[in-house]
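Observations on the three-dimensional arrangement
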Amino acid sequence: MSLIDALRARARLILQKDDAELRMRREFDFHIEMETNRLIRDEQLSPSEARRQALVGFGGVEKHKEELRGQRGLAWMSGLSLDLKLGFRMLIKYPGLTIVGCLALSTAIAASSAYLEVMNDTISPALPGDFDQRIVRIRSWDVLKHELDPHPLSDFKTWREQLKSVEDLGAFTNIEPNFVTGVGQAEPLRGVAVSATAFRLLPTRPLLGRTLTAEDERLSAPEVVVVGERIWRSRLGANAHVVGTIIRLGNTPHTVVGVMPESFGFPVNYALWVPLKLDAMKVARGQGPMIGVFGRLAPGATVERVQAELTAMGVRAAREYPRTNANVRPRVSPFLEDLLASGSDMTETYVYYAGNLVFILFLCVCGANVATLVFARTATRDAEMVVRMSLGASRGRIVAQLFCEALALTSVSAVIGLVATAVLLKRVRIALEHAVGAQVPFWWNDNLSSRTLLYAVALALFGAIVIGVIPALKATGQHIGARLKASASGNSSLRFGKLWTGVIVSQVTLTVLFLMAMALVGFSMQSGRFVRGTFSFATTELLTFSAQMDGAFDGASPVGSGSNEGGHRFLEEYHATSALLHERLLSQPGIVSVTYASVLPSQDQAFVAIEVDGISRFPTGDSARIRVQSAKVGTTFFETLKVPVIAGRAFTTGDTVAGRNAAIVDQRFAHRVLGDRNPVGVRFREVRYVDDRREKVEYGEWREIIGVVNELAPLGYEAHENGVVYQAASVEATYPAFTIARVQGDTRRYVAAVRNVAAMVDASLRLYDVVPFEETGATARLVFWSLMRVFAVIGAIALMLSTAGVHALMAFTVSRRTREIGIRSALGASRNAIVRDTFSRAFVQVGAGILAGLIPGALLVIIGPPELAVGMGLQSGLATSMTIATFVIFVAGIACALPVWRAVCIEPTEALRQAG
């Protein structure tokens, strides 16, 4: 029979199982009946005796059936099912190993799966619907500056008229208008001004009403808005008759024409859409708002064809408009790929695979340590395996059994890990929404994808190989004769080798590194802005917020202005509006004083390099240029904060006039920069570097120090290393500005009043984070404390695995040396000597792991960059290292306590009886 015929026969046996067994049974019955009739006829036997002899002569029907099943290639299934059943029974029989192993492996699998799911939604996302592969995004790229052209409005108008390979071409620009309620309060909402074609790209029906149409984009069309389900429920009370109602966005009334479901957030995560009226944007080429351009490939068109068409249009535009388009080239790419790109494809690929590699290595470390525990458990079953091998079980059969037991453990861990991943993904979404203050992209899916499920299955199989196969190969590698001899004498022939010792040392090292990282981050947070610090001034009656205005000032001109002159007008309007807001706030009962600043004292100010007149080297040893932090504040800033000027004088309104370059410094600046010199009257100027090599510089105007105040940052905040300099500035020079109001009583009672006043002054004035002073920076603290919790969980798991590994090593060592310890006790060895000898090996491994972890951690603290080790000096670093080492040794001692106690309690007579 040829190989092909054999494969066909085997396939028929597998696919036609029932038919094959039925034909075989019929053939058996035919042959047995024929043999029975022959015996009755020739041997003159009775029918019952004849059938009995026919069955005996046939050799057993069930045996032939098993041979057929074996030929079908499925006989191993019954053995596999038995091994898996035994594996799940072993989970119950050894609960300690099960708990430790499941916790370690499920954590690794959950972290890996969650990372894969997040990266898939970030790097390789897919839009819902049938047209995700055809939606593209077009951008203009400056080939000389190697950056995107932020103002492609004129080019978009050309593309919309001439581009043939893309249909439903549209554009969008971000907006953030104030949503003004009926009671007069205003709160900013993120939205988008978008072309009506956006709603044709994805087949999503509105919950209520309609979407935007081309008619809505006309300049003379009434102002309309489509809201998302999120806003409809939270701000509009889920009113079923909301279509046709009027809401105010800033100073403009809008008619609600539709409500979109939560699943639609195009282009990213928006829940507010107004028509993009390009006719209103009369701007010069190369100027205007920052817009995104999207469209859908025409039938039969490809990205390459669109790119060729765009390239020709770009060359033509460069020839016609050399001043603005000489170096600009349009590019097309899939919508999400271009929208989410944060760097080169190589960088994204590196992050993706590097992250997966890190988590797989984490799984390997966890799996290797669990494998140590499994090997120690396998040693207790040495006699069982020796008996099975002596009765004919092959090495492969034993390895398969231990693999199935490990697979049961990793399967349970994978299930727990996937459940944890599902919960973690929802937590990640919530954390991201808190961190960025908005919803995550609408295409993100909290449910586990099929790719993630397959990935978890692969990790479970890989973990089973690490946990089950490697210990099994080690356990079955010795010759059966030596195994029988050792088993007969009551000993286990298994030994911990260098592999398992290395695993334990590596795990202790990992534990120490995680503890060092936790300590390092903890010190940084304690000395930074991520904890609630104690300020040198009273903060209980301070209310803060930041204020911006519609127009999205970009540093030179507001969006759509197209000129610096427009930018100046915008700043003047902002200054007048802010001044009126502060005036109205001061007229409110309970508000004592109001001021403003470029940043708050609890935040990082901008670093600047300065030179001090008459000083060539500072007391700190630095050269003539030193980095300090700078803040622009209102003239009543220190008065509102009730911070006294301890030397010199405070700011006055005259100090904001051009040419009156006055400054106030804090005590840290006076001490570290000026030493014993009297600060009042000293001049300094800013040094700005104009090239990357810091060789060419330009100097600012000289500023005179007129006063000194206490440090305003939280006590112990080392980020302001050389102190802070404060400059008096008008509010338009600090756009966007933080406002600080001192009130009487509970600050929360004034939040609604502040928003009401702002809405009455100008509905386009957007207020952000109207919170008590103590709550500023709460988002950053939330993120970093979440990071600390992650470190704590991973460190606790690493510590638990190290403890379990050391305990398994000690228990295994004591059980293997029972007779030796008993004989030594009988010969007069003291308990101290036995304890010392039993502890020595374990603590050599623990000590090696501690050193391997402390050395890089200590070096990072001592000689690392100050940004990483802020707040932790040499003494603190050494003290932390010693504390961590002592803690790990203490935990290891607890892990060794029970096995050592068993060792010293061994009765010599019992050990000698076993030796005999």
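Here, the structure is the one placed above.
The present account deals with the structure reproduced in this document. (Residues numbered from 1 in each chain as written. Predicted model: local features only at pLDDT ≥ 70, side-chain atom pairs only at ≥ 80, totals over all residues. Heavy atoms only, no water.)

**Examining the nonpolar core**
Membership of the largest hydrophobic core comes to 36 residues, with the highest contact counts inside it found for I138, F156, W159, V225, V227, I247 and L310. Beyond its immediate sequence surroundings of up to four residues, W159 is in contact with I138, R139, S140, L169, V293, L310, M313 and P330. Grouped together as the second largest cluster of nonpolar side chains are 27 residues, A198, M260, F266 and L336 included. (Core = buried A, V, L, I, M, F, W, Y, C linked by side-chain atoms within 4.5 Å. Buried < 20%, exposed > 50% of the residue type's maximum accessible area, 1.4 Å probe, protein only. Contact = heavy atoms within 4.5 Å.)

**Here's the deal with the pairing of strand β19 (residues 662-666)**
Along a regular strand, successive side chains alternate from one face of the sheet to the other. Among the 5 residues that make up β19, 5 are buried, leaving the element largely enclosed by the rest of the structure. Side-chain alternation along β19 places A662, I664 and D666 on one buried face and A663 and V665 on a second face that is also buried. Examined bridge by bridge, β19 and strand β22 (residues 703-709) share 5 bridges and lie parallel to one another. What sits directly across from A662, in β22, is E704. (Helix = DSSP H or I, 4+ residues; strand = E, 2+ residues; numbered from the N terminus. Pairing = 2+ DSSP bridges.)

**A few points about the pairing of strand β1 (residues 135-142)**
Within β1, 6 of the 8 residues are buried, which leaves it mostly tucked inside the rest of the structure. For β1 and strand β12 (residues 292-297), the ladder comprises 4 bridges, and the chain directions are antiparallel. Opposite V136, over in β12, you have G295 as the bridge partner. Examined bridge by bridge, β1 and strand β13 (residues 328-334) share 7 bridges and lie antiparallel to one another. For R137, the partnering residue across the bridge sits in β13 and is S333. In this structure, β1 lies alongside strand β2 (residues 147-148), joined through 2 bridges in antiparallel fashion.

**Focus on empty space enclosed by the protein**
One pass over the full model with this rule turns up 4 cavities of 30 Å³ or more. Its boundaries defined by the atoms lining it, the largest cavity holds a volume of some 100 Å³. Every residue lining the largest cavity is listed: G87, M90, L91, L97, V374, R377, L402, E405, A406, L409 and I467. When residues of the lining of the largest cavity are traced back to their parent elements, those giving at least two are α5 (75-93), α13 (345-380) and α15 (395-436). (1 Å grid on protein atoms, 1.4 Å probe; cavity = no way out; pocket = protein on both sides within 12 Å on 5 of 7 lines; lining within 4 Å. Points joined across faces, edges and corners; volume = space filled by probe spheres on them.)

**Topic: a nonpolar patch on the surface**
Residues V415, V419 and V423 make up a contiguous nonpolar surface patch of roughly 260 Å² in combined accessible area. Along the chain, V419 falls in helix α15. Overall, V419 belongs to the exposed group, its relative accessible area being 52%. (Patch = residues over 30% accessible without salt bridge, like charges linked within 9 Å, V, L, I, M, F, W, Y side chains within 5 Å. Areas by Shrake-Rupley, 256 points an atom, 1.4 Å probe, with all protein chains shown as cover. Salt bridge = Lys/Arg side-chain N within 4 Å of Asp/Glu carboxyl O.)

**Remarks on the pattern of salt bridges**
As enumerated under the stated definition, the model contains 16 salt bridges in all. For R683, the salt bridge goes to D613, with nearest N and O atoms at 3.3 Å. Taken as a pair, R683 in strand β20 (residues 683-689) and D613 in the loop between β16 (606-612) and β17 (625-633) lie far apart in primary sequence, 70 residues in all. With a relative accessible area of 35%, R683 lands in the partly exposed category. Across the pair E711 and R668 runs a salt bridge, and its minimum N-O distance is 3.2 Å. Highlighted residues: E711 in the loop between β22 and β23 (724-728) and R668 in helix α21 (residues 667-674), separated in sequence by 43 residues. Look at the salt bridges and you will find they share partners, linking R134, E167, D168, R200 and R296 into a network.

**Regarding the environment of V771**
Within the fold, V771 resides in strand β25 (residues 765-772). Separated by 227 residues in the primary sequence, V771 and T544 have C-alpha atoms spaced 5.7 Å apart.

**Thoughts on the packing of helix α7 (residues 153-162) against helix α10 (residues 303-320)**
Where α7 meets α10, the axes come as close as 12 Å, and the angle between the chain directions of the two elements is 130 degrees. Classified by the angle between their axes, α7 and α10 sit oblique to one another. Handedness of the α7/α10 crossing: right-handed. Here T158, W159 and Q162 of α7 come into contact with α10, specifically with E309, L310, M313 and R316. Per-class residue counts for the contact of α7 with α10 are 3 nonpolar, 2 polar and 2 charged. (Axes fitted to C-alpha atoms, helices over the stretch in contact; angles between N-to-C directions. Parallel < 35°, antiparallel > 145°, perpendicular 65-115°, else oblique. Left-handed = near helix turned anticlockwise from the far one by under 90°. Nonpolar A, V, L, I, M, F, W, Y, C, P; charged D, E, K, R; others polar.)

**Some remarks on the side chain of Q727**
One can find Q727 in strand β23. Relative accessible area serves as the criterion here: at 11%, Q727 is assigned to the buried category. For Q727, the contacting residues outside a window of four places in its chain are S630, A631, K632, V633, F651, A662 and R703.

**Some remarks on the environment of T656**
Looking at where T656 falls in the secondary structure, it is placed in the loop between β18 (645-648) and β19. In this structure, the C-alpha to C-alpha distance between T656 and A728, residues 72 residues apart in sequence, is 5.5 Å. Ignoring any residue separated from it by four or fewer positions in sequence, one finds T656 in contact with T635, A728, A729 and S730. Here the side chain of T656 touches T653 through a polar contact of 2.8 Å, landing on its backbone oxygen. (Polar contact = N/O pair within 3.5 Å; in protein donor to acceptor, adjacent residues only side chain to side chain.)

**Side note on the packing of aromatic side chains**
Here the structure, examined in full by the defined rule, presents 12 aromatic pairs. Ring centres of F638 and Y726 lie 5.3 Å apart, and the angle between their planes is 85 degrees; this geometry places the pair in the edge-to-face category. Here F638, found in helix α20 (residues 637-641), pairs with Y726, found in strand β23; they are 88 residues apart in sequence, far enough to count as distant. The ring of W702 has R683 sitting right over it, with the charged end atom 4.6 Å from the ring centre. Sitting over the ring of Y699, R685 keeps its end group 4.0 Å from the ring centre. (Phe/Tyr/Trp six-rings, centres within 6.5 Å; stacked < 30°, edge-to-face > 60°. Lys NZ or Arg CZ within 6 Å of the ring centre and 35° of its normal.)

**With respect to the environment of R766**
Within the secondary structure layout, R766 lies in strand β25. Judged by relative accessible area, which is 6%, R766 ranks as buried. Between the C-alpha atom of R766 and that of F179, which follows or precedes it by 587 residues, the distance is 9.4 Å. A polar side-chain atom of R766 sits 3.1 Å from the main-chain carbonyl oxygen of E176.

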